[in-house]
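# Structure at a glance
One letter stands for each residue in the lines below.
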Amino acid sequence: MSIPLSKSRRVGSTLYLSGELGFDPNGKIPEGIEAQTENCIANIKATLAKEGLDLSHVVSATCYLTDPADFAAFNTVYAAAFPQPYPVRTTLAAALMIDAKVEITVIAEG
């Protein structure tokens, strides 16, 4: 299915990334919030790297969880990945368009 969106868009020195899901390199979404969060962040890192940036350039993150009970486990993985000072963040419980537990979108500066 073709989805009408850009993976990222740069406006001046700001890079906007579309929401990232926890797909692994084989196009599969693994079981569990930890593995999906790790994959989301790895996919974000790969998109940032194409623009010469890394997670330290992320200033804002919006995170969507399908199950609020996953919040603590999600936070553990997120905190281990992002350097301090952490990006500003909003985390919401939401239904996602596919069978995934987490989606993360970020805005980076640099």
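Residues numbered from 1 in each chain as written. Predicted model: local features only at pLDDT ≥ 70, side-chain atom pairs only at ≥ 80, totals over all residues. Heavy atoms only, no water.

### Focus on helix H1 (residues 33-50)
Along its 18 residues, H1 runs 26 Å from first to last C-alpha, staying within 8% of the 26 Å computed at 1.5 Å per residue. Those residues of H1 lying buried are Ile33, Gln36, Thr37, Asn39, Cys40, Ile41, Ile44, Thr47 and Leu48. Here the buried face of H1 lies against strand E1 (8-11), strand E2 (14-17), strand E3 (58-65), helix H2 (71-81) and strand E5 (102-109). Taken from the residues just after H1, glycine 52 is the one with a positive phi, measuring 75°. (Helix = DSSP H or I, 4+ residues; strand = E, 2+ residues; numbered from the N terminus. Expected span 1.5 Å × (residues − 1). Buried < 20%, exposed > 50% of the residue type's maximum accessible area, 1.4 Å probe, protein only. Contact = heavy atoms within 4.5 Å.)

### A short note on the pairing of E3
Pairing analysis gives seven bridges linking E3 to E5, with the strands arranged antiparallel. Bridging from a neighbouring strand, cysteine 63 pairs with isoleucine 104 of E5. Where E3 lies against strand E4 (residues 88-93), six bridges are found, and the strand directions are parallel. In the strand pairing of E4, serine 60 is matched with valine 88. (Pairing = 2+ DSSP bridges.)

### Some points on the layout of surface pockets
In this structure, the largest pocket spans a volume of roughly 420 Å³. Taken together, 13 residues make up the lining of the largest pocket; nearest its centre are Ile3, Leu5, Gly19, Leu21 and Glu103. Partitioning the lining of the largest pocket into residue classes produces eight nonpolar, two polar and three charged. (1 Å grid on protein atoms, 1.4 Å probe; cavity = no way out; pocket = protein on both sides within 12 Å on 5 of 7 lines; lining within 4 Å. Points joined across faces, edges and corners; volume = space filled by probe spheres on them. Nonpolar A, V, L, I, M, F, W, Y, C, P; charged D, E, K, R; others polar.)

### Topic: the pattern of salt bridges
Counted by the stated rule, this structure contains three salt bridges. Measuring nitrogen to oxygen at the nearest pair gives 2.7 Å for the salt bridge that ties glutamate 20 to lysine 7. Taken together, the positions of glutamate 20 in the loop between E2 and H1 and lysine 7 in the segment before E1 put the pair 13 residues apart, joining distant regions of the chain. Among the ionic pairs, arginine 10 bridges to glutamate 51, the shortest N-O distance being 3.1 Å. Taken as a pair, arginine 10 in strand E1 and glutamate 51 in the loop between H1 and E3 lie far apart in primary sequence, 41 residues in all. (Salt bridge = Lys/Arg side-chain N within 4 Å of Asp/Glu carboxyl O.)

### A closer look at H2
For H2, the set of buried residues is Ala73, Phe74, Val77 and Tyr78. Burial along H2 is one-sided: seen end-on, the buried residues are contained in an arc of 130°. Those residues of H2 that are exposed and aimed more than 90 degrees away from the buried face are Ala72, Thr76 and Ala80. (Arc of directions from axis to C-beta.)

### So, the environment of threonine 66
Residue placement: threonine 66 occurs in the loop between E3 and H2. Between the C-alpha atom of threonine 66 and that of alanine 94, which follows or precedes it by 28 residues, the distance is 5.2 Å. Apart from residues lying up to four places away in sequence, threonine 66 is in contact with Ala94, Leu96, Ala100 and Lys101.

### Brief notes about unusual backbone geometry
Keep in mind that most residues, glycine aside, have a negative phi and that most peptide bonds are trans. Following glutamine 84, the chain continues into proline 85 via a peptide bond in cis, with omega recorded as 0°. When you line up the elements, proline 85 lands in the loop between H2 and E4.

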